[in-house]
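Chain and residue survey
Given next are the chains, with one letter for each unit.
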Amino acid sequence: MAASSGGKKLLPEPSKGTSAASAHSSILRKSSSEKPVTEATGSGSKSSRNEDLHSVLVTSVLNLERLDLDLYSNEHSNRCTFTGTHHWVPRSRMLFGGQIVGQALVAAAMSVSENIYAHSLHCYFVRAGDPKVPVLYQVDRIRDGKSFSVRSVKAIQHGNPILICQSSFQRKMESPIHHQFTMPVVPSPNELLTQEELIQKYLRDPALTEKYKVGLTKLLAEEVPIEIKPINPPEYYRRVALESKQHFWVRARGYIGEGNMKLHCCVAAYISDYSFLRTALLPHFQYKVKFMASLDHSMWFHAPFRSDEWMLYECESPWAGSCRGLVQGRLWKQDGVLAVSCAQEGVFYVKPSAAESKL
Ligand SMILES: CC(=O)SCCNC(=O)CCNC(=O)[C@H](O)C(C)(C)COP(=O)(O)OP(=O)(O)OC[C@H]1O[C@@H](n2cnc3c(N)ncnc32)[C@H](O)[C@@H]1OP(=O)(O)O
């Protein structure tokens, strides 16, 4: 039975000895009676955003079904009413890595007490996810210490792991030792177009070739549950080497509300893998990618944030080689607080460039 939509906070699992109830657990916004604020900042001014539309990331994609103690499935929760399959699957036809990481963190978070919070996770994507079948999440309670708890989660399909994810949770602790980098200076979200608005603009260009028109129209039709506002987006047809850096504003599509930090960390895990790895390809426009996939994904959660509010995603790739590329990212809150750091390595197989194939 899919998770109900009755609003409940992320529910800690009963202690190990308790018999596993067949009831499902779910990670939802704090309370269904919670009225959406009119604007992310709570300023009271009615935003253009449809605040009454609760984020599908919370009501569906990350709303796992509990099968047994420490065993979850996304079978019913991940159904997209339009296609009856996983909510959104990239054109690679492999399950989106951010979905598997976000769901694995949900499963781990279900097994820890309410008063400790995710501070880091490290994953390996060991097999491509099959978009035609659900995913099982098996949680192993590695250790519960006084201040930290560690969990290991296996995401399983066809009896084999597709992802292994270690995550660590810490109870709130204060310290006089604190510093952070300074947030980059970029245009604010209000000054920028969304990815959809940019594509609409390109599609109105009479010089647009049919090839680009088809590609951009397909991109526009995708049900990605994330809103993006690129900063200095390269013109779609510009085939020049770019620096291996990109910045964009990003947030979950729809309303989530205060909720609890575990929920926002799970949504951020989903968001953090979108358009991340491509940072490493920006200088290498002359190569056609035959195959690319994330090999691993790590995150560090530094400060409270709202994943349904605009955050600046600062992405850079310091290195690529041996068919691999490393990308690093920082998610900044609009007030300049560094909320999350991310890192990922990916594998790329590319066709030789025209010049090379003539050699
Ligand atoms: C951005 C994202 O969200 S991606 C989604 C998240 N990430 C993932 O799903 C990756 C999951 N992990 C995996 O799929 C595997 O661990 C891999 C592919 C990374 C490595 O596994 P390996 O068995 O070593 O793969 P291997 O490199 O041999 O080949 C994998 C595929 O890459 C392609 N490939 C391999 N070598 C080459 C090459 N030199 N040139 C072109 N394509 C190649 C082939 O399609 C091959 O598949 P096939 O053997 O079935 O034809």
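Residues numbered from 1 in each chain as written. Predicted model: local features only at pLDDT ≥ 70, side-chain atom pairs only at ≥ 80, totals over all residues. Heavy atoms only, no water.

1. Structural notes on the UniProt feature "domain: Acyl-CoA thioesterase-like N-terminal HotDog" (unreviewed entry) in the protein
Worth spelling out the cut-off: UniProt positions are given in the numbering used here, feature names are shortened, and annotations may be inferred rather than shown by experiment. Only runs of H or I of at least four residues qualify as helices and only runs of E of at least two qualify as strands under DSSP, and these elements are numbered from the N terminus.
On the UniProt side, "domain: Acyl-CoA thioesterase-like N-terminal HotDog" (unreviewed entry) is annotated at positions that read residues 87–169 here. In this annotation, residues 87–169 is assigned 16% helix and 47% strand; the end-to-end C-alpha distance for the span is 28 Å.

2. Comments concerning the pattern of salt bridges
As a reminder of what qualifies: A carboxyl oxygen of Asp or Glu within 4 Å of a side-chain nitrogen of Lys or Arg is what we treat as a salt bridge. Accessibility here uses a 1.4 Å probe with only protein chains present; expressed as a share of the type maximum, an area under 20% marks a residue as buried, one over 50% as exposed, and anything in between as partly exposed.
Applying the stated criterion across every chain yields a total of 13 salt bridges. Close ionic contact of arginine 91 with glutamate 222 constitutes a salt bridge, the shortest N to O distance being 3.0 Å. Of this pair, arginine 91 sits in the loop between β2 (71–73) and α2 (97–109) while glutamate 222 is found in the loop between α4 (210–221) and β7 (226–231), placing the two residues 131 residues apart along the sequence. Arginine 91 sits in the exposed class, given a relative accessible area of 53%. Its salt-bridge partner being aspartate 130, residue lysine 132 comes within 3.3 Å of it at the nearest N-O pair.

3. Quick look at the site of the ligand
The cut-off we apply is this: Put simply, a residue is near a molecule or strand once any heavy atom of it comes within 4 Å of that molecule or strand. Definition of a polar contact: a pair of N or O atoms within 3.5 Å, with one able to donate and the other able to accept a hydrogen when the atoms are protein atoms, and with sequence-neighbouring residues admitted only if both atoms are side-chain atoms. All domain edges in this entry derive from an automatic or database-based domain assignment.
Within the structure, the ligand sits among 15 residues, and Gly97, Phe125, Val126, Ser294 and Tyr349 are positioned closest to it. Here an oxygen atom of the ligand and a side-chain polar atom of tyrosine 349 are 2.7 Å apart. The two domains that each donate at least three residues to the shell around the ligand are domain 1 (56–171) and domain 2 (195–352).

4. So, helix α5 (residues 261–272)
Put simply, the test is: Multiply 1.5 Å by the residue count of a helix minus one, and that product is the helix's expected span.
Here α5 is 12 residues long and its end C-alpha atoms lie 16 Å apart, about the 16 Å a rise of 1.5 Å per residue gives. Among the 12 residues that make up α5, 12 are buried, leaving the element largely enclosed by the rest of the structure. Residues of α5 that are buried: Met261, Lys262, Leu263, His264, Cys265, Cys266, Val267, Ala268, Ala269, Tyr270, Ile271 and Ser272.

5. Digging into the environment of proline 176
Tracing the backbone through its elements, the reader meets proline 176 in the loop between β6 (160–171) and α3 (195–203). The exposure class of proline 176 is exposed, given its relative accessible area of 83%. It is 50 Å that separates the C-alpha atoms of proline 176 and lysine 218, two residues lying 42 residues apart in sequence.

6. Some details on the packing of α3 against α4
Just so we agree on the cut-off: Axis geometry follows a simple rule: fit a line to the C-alpha atoms, using only the stretch in contact for helices, then measure angles between N-to-C directions, giving values from 0 to 180 degrees. For classification purposes, an angle smaller than 35 degrees is called roughly parallel, one larger than 145 roughly antiparallel, one from 65 to 115 roughly perpendicular, and anything else oblique. If you view the pair so one helix is near and one far, a crossing is left-handed when the near helix is turned anticlockwise from the far one by less than a right angle, and right-handed when it is turned clockwise. Note on contacts: a residue pair qualifies if any of its non-hydrogen atoms lie within 4.5 Å across the two residues. Residues are grouped as follows: Ala, Val, Leu, Ile, Met, Phe, Trp, Tyr, Cys and Pro are nonpolar; Asp, Glu, Lys and Arg are charged; all remaining types, including Gly, are polar.
At a minimum axis separation of 10 Å, α3 and α4 run at an interaxial angle of 155°. It follows from the interaxial angle that α3 and α4 lie roughly antiparallel. When the axes of α3 and α4 are compared, the crossing they make is left-handed. Here α3 contributes Glu196, Ile199, Gln200, Tyr202 and Leu203 to the contact with α4, which in turn contributes Lys213, Leu216, Thr217, Leu219 and Leu220. Looking at the contact of α3 with α4 residue by residue, the classes come out as six nonpolar, two polar and two charged.

7. Here's the deal with the nonpolar core
Put simply, the rule reads: What we call a nonpolar core is a set of buried Ala, Val, Leu, Ile, Met, Phe, Trp, Tyr and Cys residues that are connected through their side-chain atoms within 4.5 Å.
The biggest cluster of nonpolar side chains holds 67 residues, and the ones touching the most others in it are Tyr137, Leu163, Phe301 and Phe305. With nine residues, α5 is the largest single contributor of residues to this core. Three or more residues apiece are contributed to this core by two domains, here domain 1 (56–171) and domain 2 (195–352). Aside from chain neighbours lying at most four places away, what touches leucine 163 is Ile100, Val101, Ala104, Cys123, Tyr124, Phe125, Val126, Val153, Lys154 and Ala155.

8. Observations concerning a nonpolar patch on the surface
So the rule is basically this: Surface patches are defined over residues having more than 30% relative accessible area and no salt bridge, joining like charges when they lie within 9 Å and nonpolar side chains (Val, Leu, Ile, Met, Phe, Trp, Tyr) when within 5 Å. Surface accessibility follows the Shrake-Rupley procedure with a 1.4 Å probe radius. Residue values consider only the protein chains on display as shielding.
Together, Tyr124, Val126 and Ile164 make up an exposed nonpolar region whose accessible area comes to about 270 Å². Within the secondary structure, tyrosine 124 sits in strand β3 (residues 116–125).

9. Topic: the confidence of the model for the protein
Test applied: A residue's pLDDT is the confidence the predictor assigns to it, expressed on a 0 to 100 scale.
In the predicted model, the protein carries a mean pLDDT of 84, and the fraction of residues at 70 or more is 80%. In this model residues 1–9 is a low-confidence stretch, pLDDT under 50, and it forms 31 contacts with partners more than four residues away in sequence or in other chains. Here residues 11–48 is modelled with pLDDT under 50, and outside its nearest four sequence neighbours on either side it reaches 107 contacts, counting other chains as well. We note a pTM of 0.87 for the whole complex and an ipTM of 0.93 for its interfaces.

10. Brief notes about the pairing of strand β8 (residues 245–252)
Regular strands show a simple pattern: their side chains alternate between the two faces of the sheet. Let me state the cut-off plainly: At least two DSSP bridges between two strands are needed for those strands to be called paired.
When you tally the buried positions in β8, you get six out of eight residues, the bulk of the element. Sheet analysis places β7 next to β8, joined by six bridges and oriented antiparallel. Each bridged residue has a counterpart across the sheet, and for glutamate 227 the counterpart in β8 is arginine 251.

11. Points about the domain arrangement of the protein
Stated formally: Summed over both partners, the accessible surface that disappears when two parts come together, traced with a 1.4 Å probe, is what is meant by buried area.
Looking at the protein, the domain boundaries give domain 1 (56–171) and domain 2 (195–352). Centre-to-centre separation of domain 1 and domain 2, based on C-alpha positions: 21 Å. Residue-level contacts link 32 residues of domain 1 with 29 residues of domain 2. Buried surface at the junction of domain 1 and domain 2, summed over both partners, amounts to about 2700 Å²; 69% is from carbon and sulfur atoms.

12. Some thoughts on a positive patch on the surface
Put simply, the rule is: For this count, His and the chain ends are skipped, Lys and Arg are scored as positive, and Asp and Glu as negative. Where a charge lies is defined by one atom per residue type: Lys uses NZ, Arg uses CZ, Asp uses CG and Glu uses CD.
Side chains of Lys211, Arg239, Lys288, Lys290 and Lys351 sit close together on the surface and give a patch of like positive charge. Of note, arginine 239 is situated in the loop between β7 and β8.

13. Section: unusual backbone geometry
Even without being a glycine, histidine 158 presents a positive backbone phi close to 50°. The topology assignment puts histidine 158 in the loop between β5 (148–157) and β6. Judged by relative accessible area, histidine 158 falls into the exposed class, the value being 59%. In this model, serine 275 sits at a positive phi of 65°, which is unusual for a non-glycine residue.

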